[in-house]
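Spelled out, the chains give:
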Amino acid sequence: MLSLDFLDDVRRMNKRQLYYQVLNFGMIVSSALMIWKGLMVITGSESPIVVVLSGSMEPAFHRGDLLFLTNRVEDPIRVGEIVVFRIEGREIPIVHRVLKIHEKQNGHIKFLTKGDNNAVDDRGLYKQGQHWLEKKDVVGRARGASEKIWSLYIPQFPRCC
């Protein structure tokens with residue numbers, strides 16, 4: 001019934017009103033995209049804002065918390081820092097804390113992560129044969145958070161990581 005009312009409203013509009021509505025919608029969408037791209041440039045992260053989807057980082061972060069990320073290339077990764085990383089073959093990034101760092105003499109850094117609420121480290125989550133993460137796997141590092149804003153909109157996923 002709601003969709004029919006909407007179509008009736010559109011039919012009653014003259015061409016000028018319809019063009020104006022389409023143009024307004026296009027401006028809103030393009031403004032949102034420009035803001036997102038601007039945030040990507042400013043933060044250096046492909047995803048400057050993420051939502052925590054699981055309870056693996058409790059009590060630090062809960063499901064539904066928003067995290068604000070940066071990913072500056074020049075900033076070294078440190079033990080205890082919270083990183084968002086992507087594993088090859090998985091679409092959804094994971095939010096966990098850096099547990100150990102392994103630095104080679106040439107300056108190349110690898111690191112191991114673990115969820116605060118998990119009993120073991122993340123080696124079981126990494127792709128087969130991978131024991132450490134590298135900087136290329138990092139989507140961003142948590143620089144701030146906003147609590148429980150989006151929890152009503154997150155579907156219930158089984159605990160995985």
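Structure's up top.
None of the values given here were measured: they were computed from a predicted structure. (Residues numbered from 1 in each chain as written. Predicted model: local features only at pLDDT ≥ 70, side-chain atom pairs only at ≥ 80, totals over all residues. Heavy atoms only, no water.)

Caption draft 1: Molecular detail of the pattern of salt bridges. Scanning all chains against the criterion turns up seven salt bridges. Between Arg-143 and Asp-75 there is a salt bridge; the shortest N-O distance is 3.9 Å. You can see Arg-143 sitting in strand β7 (residues 138-146) and its partner Asp-75 sitting in the loop between β2 (66-70) and β3 (82-85), a full 68 residues away along the chain. A relative accessible area of 26% means that Asp-75 is categorised as partly exposed. A salt bridge links Glu-81 to Arg-141, with the nearest nitrogen and oxygen atoms 3.5 Å apart. (Salt bridge = Lys/Arg side-chain N within 4 Å of Asp/Glu carboxyl O. Helix = DSSP H or I, 4+ residues; strand = E, 2+ residues; numbered from the N terminus. Buried < 20%, exposed > 50% of the residue type's maximum accessible area, 1.4 Å probe, protein only.)

Caption draft 2: Seen up close, unusual backbone geometry. A cis amide bond links Glu-58 to the next residue, Pro-59, at an omega of 10°. With respect to the secondary-structure elements, Pro-59 resides in the loop between β1 (49-51) and β2.

Caption draft 3: Quick look at the sheet that holds strand β5 (residues 109-114). If you trace the seven strands from one edge of the open sheet to the other, you get β1-β2-β7-β3-β4-β5-β6, paired in antiparallel fashion. Each edge of the sheet is formed by a strand with only one pairing partner; in this case those strands are β1 and β6 (133-134). Note that β3 and β7 share three bridges and pair antiparallel. When the sheet's bridge partners are listed, Val-83 is paired in β7 with Arg-141. (Pairing = 2+ DSSP bridges.)

Caption draft 4: Representation of the nonpolar core in the model. Ile-77, Val-83, Phe-85, Ile-87, Ile-94, Val-98, Phe-111, Leu-112, Leu-125, Tyr-126, Leu-133 and Val-138 form the largest nonpolar core, which has 12 residues in total. Counting 11 residues, the second-largest nonpolar core is a separate cluster that includes Val-52, Met-57, Val-84 and Val-139. (Core = buried A, V, L, I, M, F, W, Y, C linked by side-chain atoms within 4.5 Å.)

These figures capture arrangement, not role.
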